[in-house]
Amino acid sequence: MKNTDMTELDMFQLDTVNGGTIGQVTCDSELLHKLGLMDEEFLTAEVMFDWTNCSDKVDKAWAKIGITCDSYYNYNNYYYYQGKGISWNEAQKIAKDKMIQGPKIGPLHA
């Protein structure tokens, strides 16, 4: 029997489901650290046991380049740029482009 109740997700919805929660905050911290927007990156266990502190630091690092990140422990994170909702991949691309083209913010670690 074929499941006819399935609906297709658009790319934004699919990308949003891709990340989220502890793993997404961990990945964000790695990217933002490499770009020089954070002084440290977090391991998954750190994020799990110190969620408030870690997610707050990640959200503040995104804000340095004009991206608003609403982090959720049990749900997908939401990203906004110039008042518009963007996907996780779009947020990463904007961050990379801004930090390559513009002045560096904070120490840049190899």
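See the structure printed just above.
Our subject in this report is the structure included herewith.

Per the secondary structure count, the protein includes five helices and three strands. Counting helices and strands in the order they occur from the N terminus, the protein gives α-α-α-α-β-β-β-α. Within the protein, the proportion of its 110 residues that are buried is 37%. At a minimum sequence separation of 6, the contacts of the protein that also span at least 24 residues come to 57%. With an accessible surface of roughly 7100 Å², the protein has 55% of that area assigned to carbon and sulfur atoms.

For helix H4 (residues 51–63), with 13 residues, the first-to-last C-alpha span of 18 Å sits near the 18 Å given by 1.5 Å per residue. When H4 is considered as a whole, its buried residues turn out to be Trp-51, Cys-54, Ser-55, Val-58, Asp-59, Ala-61 and Trp-62. Viewed end-on, H4 has its buried residues packed into an arc of 160 degrees, placing them on one side of the element. Exposed residues pointing more than 90 degrees away from the buried face of H4 are listed as Thr-52 and Lys-60.

So, about the packing of aromatic side chains. Overall, the coordinates contain three aromatic pairs when judged by the stated rule. Here Tyr-72 and Tyr-78 contribute two aromatic rings whose centre-to-centre distance is 5.9 Å and whose plane-to-plane angle is 85 degrees, an arrangement assigned as edge-to-face. What makes Tyr-78 partly exposed here is its relative accessible area of 38%.

What follows concerns the pattern of salt bridges. The full count for this structure, using the stated rule, is four salt bridges. Among the ionic pairs, Glu-30 bridges to Lys-34, the shortest N-O distance being 3.1 Å. Here Glu-30 pairs with Lys-34, and both are found in helix H2 (residues 21–34), just four residues apart, close to one helical turn. Overall, Lys-34 belongs to the partly exposed group, its relative accessible area being 46%. A salt bridge links Lys-93 to Asp-97, with the shortest nitrogen-to-oxygen separation between them at 2.7 Å. In this pair, Lys-93 and Asp-97 are both assigned in helix H5 (residues 88–101), four residues apart and thus about one turn of the helix distant.

A few words now on the sheet that holds strand E2 (residues 78–81). Ordered by their spatial adjacency, three strands build an open sheet running E1-E2-E3, and the pairing between neighbours is antiparallel. The open sheet has two free edges, formed respectively by strand E1 (67–70) and strand E3 (84–86), since each of these has just one partner strand. Strand-to-strand twist of the sheet, defined as the mean angle between neighbouring strand axes without regard to direction, takes the value 35 degrees. Strand direction decides the pairing type here: E2 and E3, joined by three bridges, are antiparallel. By the bridge assignment, Tyr-79 is partnered in E3 with Ile-86.

Here we come to a nonpolar patch on the surface. Taken together, the side chains of Tyr-72, Tyr-75, Tyr-78 and Tyr-80 make up a nonpolar region of the molecular surface, amounting to roughly 420 Å² of accessible area. With respect to the secondary-structure elements, Tyr-78 resides in strand E2.

Calculation notes
- Residues numbered from 1 in each chain as written.
- Predicted model: local features only at pLDDT ≥ 70, side-chain atom pairs only at ≥ 80, totals over all residues.
- Heavy atoms only, no water.
- Helix = DSSP H or I, 4+ residues; strand = E, 2+ residues; numbered from the N terminus.
- Buried < 20%, exposed > 50% of the residue type's maximum accessible area, 1.4 Å probe, protein only.
- Contact = heavy atoms within 4.5 Å.
- Areas by Shrake-Rupley, 256 points an atom, 1.4 Å probe, with all protein chains shown as cover.
- Expected span 1.5 Å × (residues − 1).
- Arc of directions from axis to C-beta.
- Phe/Tyr/Trp six-rings, centres within 6.5 Å; stacked < 30°, edge-to-face > 60°.
- Salt bridge = Lys/Arg side-chain N within 4 Å of Asp/Glu carboxyl O.
- Pairing = 2+ DSSP bridges.
- Axes fitted to C-alpha atoms, helices over the stretch in contact; angles between N-to-C directions.
- Patch = residues over 30% accessible without salt bridge, like charges linked within 9 Å, V, L, I, M, F, W, Y side chains within 5 Å.

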